[in-house]
Amino acid sequence: FNPHCILLKMVKVWRLFAPLLLLAGVALSYTPTECGAAFDVIQGSNTLHVELATASPSAFRLSLSYVKVPVQLRSRMVVENLVCAPSKITVNGSVVQLTSSFGFVAVDTRTNTWTLGGPSSTLSTSNAFAVRTASGIDVTLGASDNAKFYGAGGGLETVHTLFSTASQPLVKNREFFTSHVWSSDGFGAFGVTNEEHLPSDNTQYGAAWLSDAQKQTLTFSFTGNQADLYLFPSGNMAAGTRAYYTLIGTPPVPPRYAFGFLASRWGWRDRKYIESVLTQFRNGSFPLDAFICDFEWYTPEPDYSLPDSGSPTFKDFTYNSALFSSPVPQLTQYHNDFHVRFGGIRK
């Protein structure tokens, strides 16, 4: 019996099988963080760095990166310094699980599968946790047969339906879409990336989502080298909205006059025409709380043909003198005599 020989053989066996275990995706350890835990998942030749944490009293955060150890991204879309919910990390074989009072997230680092659950039930199971793409990272959740998805935004093509099947976040004239979704399976999700906008289009944001009824999946596609996916188990849309607003901040309530009647048009000709319309409203005892001008309030010519490089003769950041010859006393007069406010549209 030679204990040194046995030890040497054990070391050789470990050296033989350790790479295979890593290639299989086994997370051998984790590092506690302020609100959760960080660990690595080996996916073939790629190493996925993960932080699994609570982000608020009602939301989880998955931070993912293939190029660095992720920390929560600072974003104007997420409230800073939120208090994270108490949680517990457990490791069972290759599964790392974070549990809080509102649910749990479990990641199997060997099979690249993961599960999102509520306080008493499983909400989503996916066999494709995260995948590296040419432009960033895809994260896939599972979806039931009859899952419906709400809360993505709206535009001309979507005004007749309450639910959506996809969202490419953007802000344009007469439409906007966000990286948020609430699923009738009982959870909400919200994506944040480290890029301010798509490299090819500054009106679009690189945290799109797409549902696939046939595959029963909900996939978030992130551009950039880090993805933050926020998840909030919520049994109904009202609870999901509350959790979402806790995360992003409650929208400010517009002033009282904004709920009144606002006369808006493209085509105010001059100051005389403005005052004629305001006088007709008041003489006819019609309700009016504000009037709104399209871009003619600051420029005498449309900007539709303006090149991306701009023009040195384009009138911008001022008032169109045909409509507002003396803006401060003129708008003060409209407020005092007609009891209206003014709004100008910028594009």
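As the structure is a prediction and not an experimental result, all values here were calculated from the model.

Calculation criteria
- Residues numbered from 1 in each chain as written.
- Predicted model: local features only at pLDDT ≥ 70, side-chain atom pairs only at ≥ 80, totals over all residues.
- Heavy atoms only, no water.
- Helix = DSSP H or I, 4+ residues; strand = E, 2+ residues; numbered from the N terminus.
- Rg over C-alpha atoms; globule rule 2.2 N^0.38 Å.
- Buried < 20%, exposed > 50% of the residue type's maximum accessible area, 1.4 Å probe, protein only.
- Contact = heavy atoms within 4.5 Å.
- Areas by Shrake-Rupley, 256 points an atom, 1.4 Å probe, with all protein chains shown as cover.
- Lys, Arg positive; Asp, Glu negative; His and termini not counted.
- Charge placed at Lys NZ, Arg CZ, Asp CG, Glu CD.
- pLDDT = per-residue confidence, 0-100.
- Expected span 1.5 Å × (residues − 1).
- Arc of directions from axis to C-beta.
- Polar contact = N/O pair within 3.5 Å; in protein donor to acceptor, adjacent residues only side chain to side chain.
- Core = buried A, V, L, I, M, F, W, Y, C linked by side-chain atoms within 4.5 Å.
- Disulfide = S-S within 2.5 Å.
- Pairing = 2+ DSSP bridges.
- Axes fitted to C-alpha atoms, helices over the stretch in contact; angles between N-to-C directions.
- Parallel < 35°, antiparallel > 145°, perpendicular 65-115°, else oblique.
- Nonpolar A, V, L, I, M, F, W, Y, C, P; charged D, E, K, R; others polar.

(A) Spatial organisation of the overall build of the protein. What the protein contains, in helices and strands, is four helices and 25 strands. Over its C-alpha trace the protein gives a radius of gyration of 27 Å, far above what one expects of a compact globule, namely 20 Å for 347 residues. Along the first, second and third principal axes, the C-alpha set of the protein runs to 110 × 45 × 40 Å. For the protein, the residues scored as buried account for 41% of the 347 residues in total. Summarising the internal contacts of the protein: among those between residues at least 6 apart in sequence, 58% fall at separations of at least 24. Looking at the protein as shown, the accessible area adds up to about 19,400 Å², and 57% of this sits on carbon and sulfur atoms. A gap of 5 Å separates the mean positions of the 25 positive and 25 negative side-chain charges of the protein.

(B) Broad picture of the confidence of the model for the protein. Taken as a whole, the protein shows an average pLDDT of 89; of its residues, 92% reach a score of 70 or greater. For the protein, the element scoring lowest by mean pLDDT is helix H1 (residues 3-23), at 44; strand E22 (residues 227-233) scores highest, at 98. Confidence over residues 7-27 falls short of pLDDT 50; this stretch has 20 contacts with residues more than four positions distant or in other chains.

(C) Broad picture of helix H2 (residues 237-248). Taking 1.5 Å of rise per residue, the 12 residues of H2 would be expected to cover 16 Å, and the 16 Å separating its terminal C-alpha atoms lies within 8% of that figure. Looking at H2, one finds that the buried residues are Gly240, Ala243, Tyr244 and Leu247. Looking straight down H2, one finds its buried side chains confined to an arc of 100°; they lie on one side. Those residues of H2 that are buried lie in contact with strand E3 (46-56), strand E18 (180-183), strand E19 (187-193) and E22. The N-cap residue of H2 is Asn236: its side-chain oxygen and the backbone nitrogen of Ala238 are 3.2 Å apart. Gly249 sits one or two positions beyond H2 and adopts a positive phi of about 100°.

(D) Quick look at the nonpolar core. Judged by nonpolar contacts, the single largest core of 52 residues is most densely connected at Trp114, Leu229 and Leu231. Considering each element in turn, this core owes the most residues, five residues, to E22. Apart from residues lying up to four places away in sequence, Leu229 is in contact with Phe60, Arg61, Leu62, Trp114, Val139, Leu141, Ala189, Phe190, Gly191, Phe220 and Phe222.

(E) Focus on the state of the cysteines. A complete count under the given rule lists one disulfide for this structure. Here Cys35 connects covalently by a disulfide to Cys84, the sulfurs 2.2 Å from one another. With the S-S dihedral at roughly -75°, the linkage between Cys35 and Cys84 falls on the left-handed side. Here Cys84 lies in the loop between strand E4 (59-65) and strand E5 (87-92) and Cys35 lies in the loop between strand E1 (31-32) and strand E2 (36-43), a separation of 49 residues in the sequence. The class for Cys84 is partly exposed, based on a relative accessible area of 22%.

(F) Focus on the environment of Ser276. In this structure, Ser276 sits in helix H3 (residues 271-283). Sequence-wise, Ser276 and Thr219 are 57 residues apart; in three dimensions their C-alpha atoms are separated by 55 Å.

(G) Geometry of the sheet that holds strand E23 (residues 262-265). The three strands are arranged E23-E24-E25 in an open sheet whose pairing can be described as parallel. A strand with exactly one partner marks an edge of an open sheet, and here the two such strands are E23 and strand E25 (341-344). Ignoring which end each strand starts from, the neighbouring axes of this sheet average 20° apart.

(H) Fine view of unusual backbone geometry. Positive phi is not limited to glycine here, since Asn112 has a value of about 60°. Checked against the element boundaries, Asn112 lands in the loop between strand E7 (103-108) and strand E8 (113-117). Here Ser285, not a glycine, exhibits a phi torsion of approximately 60°, which is positive. Along the chain, the position of Ser285 falls in the loop between H3 and strand E24 (290-293).

(I) Region of interest: the sheet that holds strand E21 (residues 217-223). The strand order across the open sheet formed by five strands is E10-E11-E21-E20-E15, and the pairing between neighbours is antiparallel. Where the open sheet ends on each side, the last strands, each with one partner, are strand E10 (130-132) and strand E15 (166-167). The sheet contact formed by E15 and strand E20 (residues 207-212) spans two bridges and is antiparallel. Residue pairing in the sheet places Ser167 in a bridge with Trp209 of E20.

(J) Seen up close, the packing of H3 against helix H4 (residues 327-338). At their nearest, the axes of H3 and H4 sit 12 Å apart, and the two run at 10° to each other. The pairing of H3 with H4 is recorded here as roughly parallel in orientation. Residues Arg271, Ile274, Glu275, Leu278, Thr279 and Arg282 of H3 form the contact with H4, whose own contacting residues are Gln330, Gln333, Tyr334 and Phe338. Of the residues contributing to the contact of H3 with H4, the split by class is four nonpolar, three polar and three charged.

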